[in-house]
Protein chains: 2
Amino acid sequence: MTNPQVQRTHELMLNAAGSLLSAGGPEAVTHLRVAEESGVARATVYRHWSTRADILLDLLRRGANLSLDPPSGDLALEERVTGVLEAFAAALRSEGGRTLSAMIGLAEWDEEVFNALERMTEFGPRILRRLLAAGVDDGELVQGTDVDMLADRLIGPLYLRRLLYHDDLTDGYVGRLASVTLAPHLVS
Amino acid sequence: MTNPQVQRTHELMLNAAGSLLSAGGPEAVTHLRVAEESGVARATVYRHWSTRADILLDLLRRGANLSLDPPSGDLALEERVTGVLEAFAAALRSEGGRTLSAMIGLAEWDEEVFNALERMTEFGPRILRRLLAAGVDDGELVQGTDVDMLADRLIGPLYLRRLLYHDDLTDGYVGRLASVTLAPHLVS
DNA sequence: CACATATGATACACTATGTCTCATCTAAGT
DNA sequence: ACTTAGATGAGACATAGTGTATCATATGTG
């Protein structure tokens, strides 16, 4: 729908849902509260989303638009990787981390949520894998490097610290992680 | 309470809650359904846990009793680490993974859940860190190895694949992960 | 301006929550 | 065996949220 009225109410409600999610978690996102918080009639909330999961999915999709800029090509591979990981860490530090926490639990039992989550989260790793694959082609990384696993090994610790430990993802940590993980695979 | 009647109903209800969580996620664990599923009066469920989070917390505590056996001392460090990681992966593959998924979202907004989750999840990494620290002391790992980060780098990818990608944690993957991550830090 | 569509307001039946009361059952001590 | 404290069962009650439906009103578009 391109109807501006629809877009307006939709955005109003989605903003309210975002506040509710951020403040009280997924359970706080109810049709009633979204209606109250956004000043929209309850029936309208149902017209846009029939279930709570649909609201959260939409929220997730909107949050997925955090675009990680591909790094400039004239830096050394380690700097480019570090740049991507720092942008990734920044996304996890922001509201994206909270949304992600909420979604992981839902995705376990709702395939639709899982697919949406996959689309959101595969974006960072994909850039990283491409970067690493290019590094192998260019001879910056040793031949035979398992690019997929290397990407897991760079990203996994970030998720671990953010989602499970609730630790800050400082740039220092990210830099050391990139450095120590990449080092054995760098040529020269 | 040591009252056997209390223990009996408590266990009945927890088992029911476990089934509900496993089948339908955290949202499916309601006082009413736990009562129905366990054949206990609804009021009794409230008497044991006043909120849903309390039920899930108890479930989490019970699940936390998965004890990872410390590996036998006469293996090479890489084999011992691989053993710990495989036990860890097995725990994530089982119901523990589902419970964990559910808890991550709750822990984001409920400090009590977070603390319980921390107690449950720190167990594996602690064994691993101790193993790695011993490796440094024994000279099997190079001096100056960042043991905490090395543990993150070994565990992070497992969580990433299980919680976000819903991938199987095969022993092959775990072995390769341990091998490629440890290799640069091994002396010999 | 007229029409289509979205929204607001309200009603209804239903599920779940959280608290309360009182009768009944169970466990433990005498 | 008797008694008593504590736990449970059964049910009532007010409240929050769900999901659907209806109809008047407001908004956007041709």
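Residues numbered from 1 in each chain as written. Chains lettered and ligands numbered in written order. Predicted model: local features only at pLDDT ≥ 70, side-chain atom pairs only at ≥ 80, totals over all residues. Heavy atoms only, no water.

## A closer look at the overall build of chain A
Inference 1: When helices and strands are tallied, chain A shows 10 helices and 0 strands.
Inference 2: From first element to last, N terminus to C terminus, chain A shows the α and β order α-α-α-α-α-α-α-α-α-α.
Inference 3: Referenced to the eigenvectors of the C-alpha coordinate spread, the extents of chain A come out at roughly 65 × 35 × 25 Å.
Inference 4: Taken across its 188 residues, chain A has 47% of its residues classed as buried.
Inference 5: Put simply, of all contacts in chain A between residues at least 6 apart along the chain, 65% involve residues at least 24 apart.
Inference 6: The distance from the centre of the 18 positive side-chain charges to the centre of the 27 negative ones in chain A is 7 Å. (Helix = DSSP H or I, 4+ residues; strand = E, 2+ residues; numbered from the N terminus. Buried < 20%, exposed > 50% of the residue type's maximum accessible area, 1.4 Å probe, protein only. Contact = heavy atoms within 4.5 Å. Lys, Arg positive; Asp, Glu negative; His and termini not counted. Charge placed at Lys NZ, Arg CZ, Asp CG, Glu CD.)

## Observations concerning the protein's contact with DNA strand C
Inference 1: For DNA strand C, the set of nearby residues contains 25 residues, the closest of which are A:Thr9, A:Thr44, B:Arg8, B:Arg42 and B:Tyr46.
Inference 2: Here a phosphate oxygen of DNA strand C sits 2.5 Å away from a polar atom, N or O, in the side chain of B:Arg8.
Inference 3: Contacts to DNA strand C include B:Arg42, whose side-chain N or O atom sits 2.9 Å from a base oxygen.
Inference 4: Looking at the surface near DNA strand C, the elements with two or more residues in it are α1 (4-24) and α3 (42-48) of chain A together with α1 (4-24), α2 (31-38) and α3 (42-48) of chain B.
Inference 5: Among the elements that make up the surface near DNA strand C, the one with the highest residue count is α3(A) (5 residues).
Inference 6: By residue class, the composition of the surface near DNA strand C is 9 nonpolar, 10 polar and 6 charged. (Near = heavy atom within 4 Å. Polar contact = N/O pair within 3.5 Å; in protein donor to acceptor, adjacent residues only side chain to side chain. Nonpolar A, V, L, I, M, F, W, Y, C, P; charged D, E, K, R; others polar.)

## With respect to the protein's contact with DNA strand D
Inference 1: The full set close to DNA strand D counts 25 residues, and A:Arg8, A:Leu32, A:Arg42, A:Tyr46 and B:Thr9 are the nearest of them.
Inference 2: Considering the 4 Å shell around the protein, atoms of DNA strand D inside it are sugar or phosphate in 66% of instances.
Inference 3: Between DNA strand D and the protein, one listed contact pairs a phosphate oxygen with a side-chain N or O atom of A:Arg33 at 3.1 Å.
Inference 4: Side-chain polar atom of B:Thr44 to a phosphate oxygen of DNA strand D: 3.0 Å apart, as the coordinates give it.

## What about unusual backbone geometry?
Residue and element names in this part refer to chain A.
Inference 1: The backbone phi angle of His166 is positive, close to 55°, even though this residue is not glycine.
Inference 2: Structurally, His166 is set in the loop between α9 (147-164) and α10 (171-182).
Inference 3: Take His166: its relative accessible area is 28%, and that puts it in the partly exposed class.

## Some thoughts on the nonpolar core
Inference 1: Formed by 117 residues in total, the largest nonpolar core has its most connected members in A:Val81, A:Leu132, B:Val81 and B:Leu132.
Inference 2: Setting aside anything within four residues of it in sequence, one finds A:Leu132 in contact with A:Val81, A:Leu141, A:Val147, A:Leu150, A:Ala151, A:Leu154 and A:Leu182. (Core = buried A, V, L, I, M, F, W, Y, C linked by side-chain atoms within 4.5 Å.)

## Quick word on the environment of B:Glu79
Inference 1: Mapping B:Glu79 onto the fold places it in helix α5 (residues 77-93).
Inference 2: Once the C-alpha coordinates of B:Glu79 and B:Ala178 are considered, the two residues, 99 residues apart in sequence, prove to be 8.8 Å apart.

## With respect to the relation of the copies chain B and chain A
A rotation about an axis combined with a shift along that same axis relates the two copies of the chain.
Inference 1: Placing chain B over chain A gives an RMSD of 0.2 Å and needs a rotation angle of 179°, together with 0.0 Å of translation along the axis. Each copy turns onto its partner about a two-fold axis. Considering only C-alpha atoms, the part of chain B nearest the rotation axis is B:Gly156, at 2.1 Å.
Inference 2: Comparing interface residues between copies, 100% of those in chain B also lie at the interface in chain A; the contact surface is shared. (Least-squares fit on C-alpha atoms with pLDDT ≥ 70 in both.)

## Section: α10(A)
Three or four residues apart is the spacing at which side chains of an α-helix point the same way, because the helix has 3.6 residues per turn.
Inference 1: Compared with an ideal rise of 1.5 Å per residue, which puts 12 residues at 16 Å, α10(A) spans 16 Å between its outermost C-alpha atoms and is within 8% of the ideal.
Inference 2: Every buried residue of α10(A) is listed here: A:Tyr173, A:Val174, A:Leu177, A:Ala178, A:Thr181 and A:Leu182. Down the axis, α10(A) shows its buried residues gathered within 140° of arc, on one side only.
Inference 3: Where α10(A) is buried, its residues contact α5 (77-93), α8 (123-138) and α9 of chain A together with α9 (147-164) of chain B. (Expected span 1.5 Å × (residues − 1). Arc of directions from axis to C-beta.)

## So, the packing of α5(A) against helix α6 (residues 95-107) of chain A
Residues and elements named next belong to chain A.
Inference 1: At a minimum axis separation of 3 Å, α5 and α6 run at an interaxial angle of 70°. Compared by their axis directions, α5 and α6 come out roughly perpendicular. Counted together, Ala91, Leu92 and Arg93 of α5 and Glu95, Gly96, Gly97 and Leu100 of α6 form the full contact between these two elements.
Inference 2: Considered class by class, the residues forming the contact of α5 with α6 number 3 nonpolar, 2 polar and 2 charged. (Axes fitted to C-alpha atoms, helices over the stretch in contact; angles between N-to-C directions. Parallel < 35°, antiparallel > 145°, perpendicular 65-115°, else oblique.)

## Focus: the domain arrangement of chain A
Residue and element names in this part refer to chain A.
Inference 1: Domain parsing of chain A yields domain 1 (4-63) and domain 2 (77-185).
Inference 2: The centre of domain 1, based on its C-alpha atoms, is set 29 Å off from the matching centre of domain 2.
Inference 3: Between domain 1 and domain 2, the residue contacts involve 9 residues of the former and 13 residues of the latter.
Inference 4: When domain 1 packs against domain 2, the two sides together hide about 930 Å² of surface, and 74% of this comes from carbon and sulfur.
Inference 5: Looking at the side of domain 1 facing domain 2, the largest losses of area belong to Ser22, Leu57 and Leu60, adding up to 53% of the total buried there.
Inference 6: Remark: the boundary between domain 1 and domain 2 carries 0 salt bridges.
Inference 7: In this structure, the connection of domain 1 to domain 2 is made through 2 residue pairs in polar contact (both at pLDDT 80 or more).
Inference 8: Counting residues per element, the ones that place at least two in the side of domain 1 that touches domain 2 are α1 and α4 (52-63).
Inference 9: Of the residues forming the side of domain 1 that touches domain 2, the biggest block, 6 residues, is contributed by α4.
Inference 10: Tallied by class, the residues present in the side of domain 1 that touches domain 2 amount to 6 nonpolar, 2 polar and 1 charged. (Domains from an automatic or database assignment. Buried area = accessible area lost by both parts, 1.4 Å probe. Salt bridge = Lys/Arg side-chain N within 4 Å of Asp/Glu carboxyl O.)

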